[in-house]
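# Coordinate analysis (summary)
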Amino acid sequence: MRYTPLDLLGGSNVDDNVAWSREDTINYIPQKASSSGARTEHEFRDAPGLKPFVMGPTGAGPVRGSHDCEGKHFVVMGSTFYQITTAGVAIPIGTIPGTQRVNIAHNQIVGGNEVIITTGTPNGYVYNTVTQVFGRITDPGYPGGGSVDYIDTYLVSVEPYGRYWFWSDQANATSYNTLNRTEAESDPDSIVGLAVNSFEVVVFGQNTVEFFYNAGGINGSTFRSKKVMNNHGCAARDSIVKLDNSLFWLGVDGILYRLNGYQAQPISSPQFTQRIAGLNWAKAFAFAYEDQGHVIYYITFPDGQTFGYDVTTGLTVRRESYGLNRWRLNTLTKVGRNWIGGDFQSGRLYTLDWNYPMEGEGTPLVRERVTGNVANNQNKIEVPLVELLFQTGTPEVEPVMFVEQP
């Protein structure tokens, strides 16, 4: 008997009608052979585990935000803003009240940077890496901020209620002019978020996406609309992510989009929209992951699941932590050559490690594949022998401890 390969690989594509399509992939990353020398055309790689890096103080958490500022790693863990050293030492900087997710960006000043933390409330905070001064923004021209990003020496942000977006003074995260703000012009919908892409400020409304450029004016005319828009608005502020020289987001219609020029290119299937129906889309958040040839947009619905769209294969798979429906990461940030994730339940930080087979200490990383439906027009199917090829390894476990420098 001559054996014939049976294709068991694929993504996550569960339809409401499971008799038609029910394939699912959890904690694997499919990849295609780059040459004809491989044993098979496709393989499943074990998705990287979560190797313990920093274990926060007892009762701390969750990790509300994370940011790389030119090699300096900053996180908001619980109500404390920390700088994390490469040795895993957490240096407390200041207090940021609340439990909500935060957005972090930075500018450049003489000798260093200003790191801004926005909370989606009237309160925003700035840390000066030169003077090491941390404090709340007290300028009366600052209305608070949601999304925040950097362009041409300015920090741009969205007013907490989505009425307009605004920008700081040049190279000054604590100084604002009430004239330096503008509304979206193409449609009177509320602004959800923004991001900078290709030297343009991309403003995401509930129903539209509009593009602005630096026109070089003053007193409210620094940025002007390009009079270009598309009609695929954003459902979740924190779903907007820079990845692969583009922007990705969750559309108000439940479809994942990628910015292609000025157009919204759908990247998700109808089955994805079916699976998130009934979830709280506004609370969804996403982050990017680019490593070892994989370029992945991960989006998590806190009341649902975590999905990862891989640009390199066009497949969507899932990440899931033991005992949960979703992946436990609340943040994921590249610092140096490492990808560091923050826990949504506690003040724990992990490095994503392809050779680490668990999530944290002693927590199993369970992988699962539900194959696609196999049919033969109602005829009998015989599979006399199945051979599955796996590469096995030895678990690596290292004790960790939280080190906080006063």
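In case you missed it, the structure is sitting above this.
Note that the structure is predicted; figures quoted are calculated from it, not measured.

Rules used throughout
- Every chain begins its residue count from 1, and numbering advances along the sequence as written.
- Confidence filtering applies because this is a predicted model: local features only for residues at pLDDT of at least 70, side-chain atom pairs given and counted only at 80 or more, and all residues used for totals across whole chains, interfaces and linings.
- As a convention, hydrogens and water are excluded, and side-chain values are obtained from all of the structure's heavy atoms.
- Secondary structure elements follow DSSP: runs of H or I of four or more residues count as helices, runs of E of two or more count as strands, with numbering from the N terminus.
- Radius of gyration: over C-alpha atoms. The globule rule applied is 2.2 Å multiplied by the number of residues raised to the 0.38 power.
- Accessibility here uses a 1.4 Å probe with only protein chains present; expressed as a share of the type maximum, an area under 20% marks a residue as buried, one over 50% as exposed, and anything in between as partly exposed.
- The contact criterion used is simple: two residues touch if any of their non-hydrogen atoms lie within 4.5 Å.
- Computed with a 1.4 Å probe, the accessible areas rest on the Shrake-Rupley method; for each residue, only the protein chains presented here act as cover.
- Note that His is not counted, nor are the chain ends; the positive residues are Lys and Arg, and the negative ones are Asp and Glu.
- We put the charge of a Lys on NZ, of an Arg on CZ, of an Asp on CG and of a Glu on CD.
- Side-chain atoms alone can form a polar contact between residues adjacent in sequence; in general such a contact is a pair of N or O atoms within 3.5 Å, and within protein one must be able to donate a hydrogen while the other accepts it.
- A pair of strands counts as paired when DSSP detects no fewer than two bridges linking them.
- A pairing counts as a salt bridge when a side-chain nitrogen of Lys or Arg comes within 4 Å of a carboxyl oxygen of Asp or Glu.

The subject of this paragraph is the overall build of the chain. A count of helices and strands for the chain gives one helix and 34 strands. Against the globule reference of 22 Å for 406 residues, the chain gives a C-alpha radius of gyration of 23 Å, in line with a compact fold. Counting only C-alpha atoms, the chain reaches 80 × 50 × 40 Å along its principal axes. Looking at the chain as a whole, 50% of its 406 residues are labelled buried. Here the contacts in the chain between residues at least 6 apart in sequence split such that 51% fall between residues at least 24 apart. Looking at the chain as shown, the accessible area adds up to about 19,500 Å², and 47% of this sits on carbon and sulfur atoms. Here the chain contributes 30 positively and 40 negatively charged side chains, and the mean placements of these two sets differ by 1 Å.

Moving on: the side chain of T333. Structurally, T333 is set in strand β30 (residues 329-335). In this structure the side chain of T333 is engaged in a polar contact, spanning 2.7 Å, whose partner is the side chain of S66. Those residues in contact with T333, other than ones at most four positions away along the chain, are S66, H67, D68, N338, W339 and I340.

Further remarks concern the pairing of strand β5 (residues 49-55). Of all seven residues in β5, six are buried, a share of seventy percent or more. Summarising the sheet, β5 and strand β32 (residues 348-353) pair through six bridges and their orientation is antiparallel. Looking across to β32, one finds that L50 is bridged to L352.

If you walk through the whole model with that rule in mind, you get 15 salt bridges. Among the ionic pairs, D24 bridges to R318, the shortest N-O distance being 2.9 Å. Of this pair, D24 sits in strand β2 (residues 22-26) while R318 sits in strand β29 (residues 316-319), and the two are 294 residues apart along the sequence. Owing to a relative accessible area of 9%, D24 belongs among the buried residues under this scheme. On the basis of relative accessible area, R318 is assigned to the buried category, the value being 4%. Notably, a salt bridge pairs D46 with R367, separated by 3.5 Å at the nearest N-O pair.

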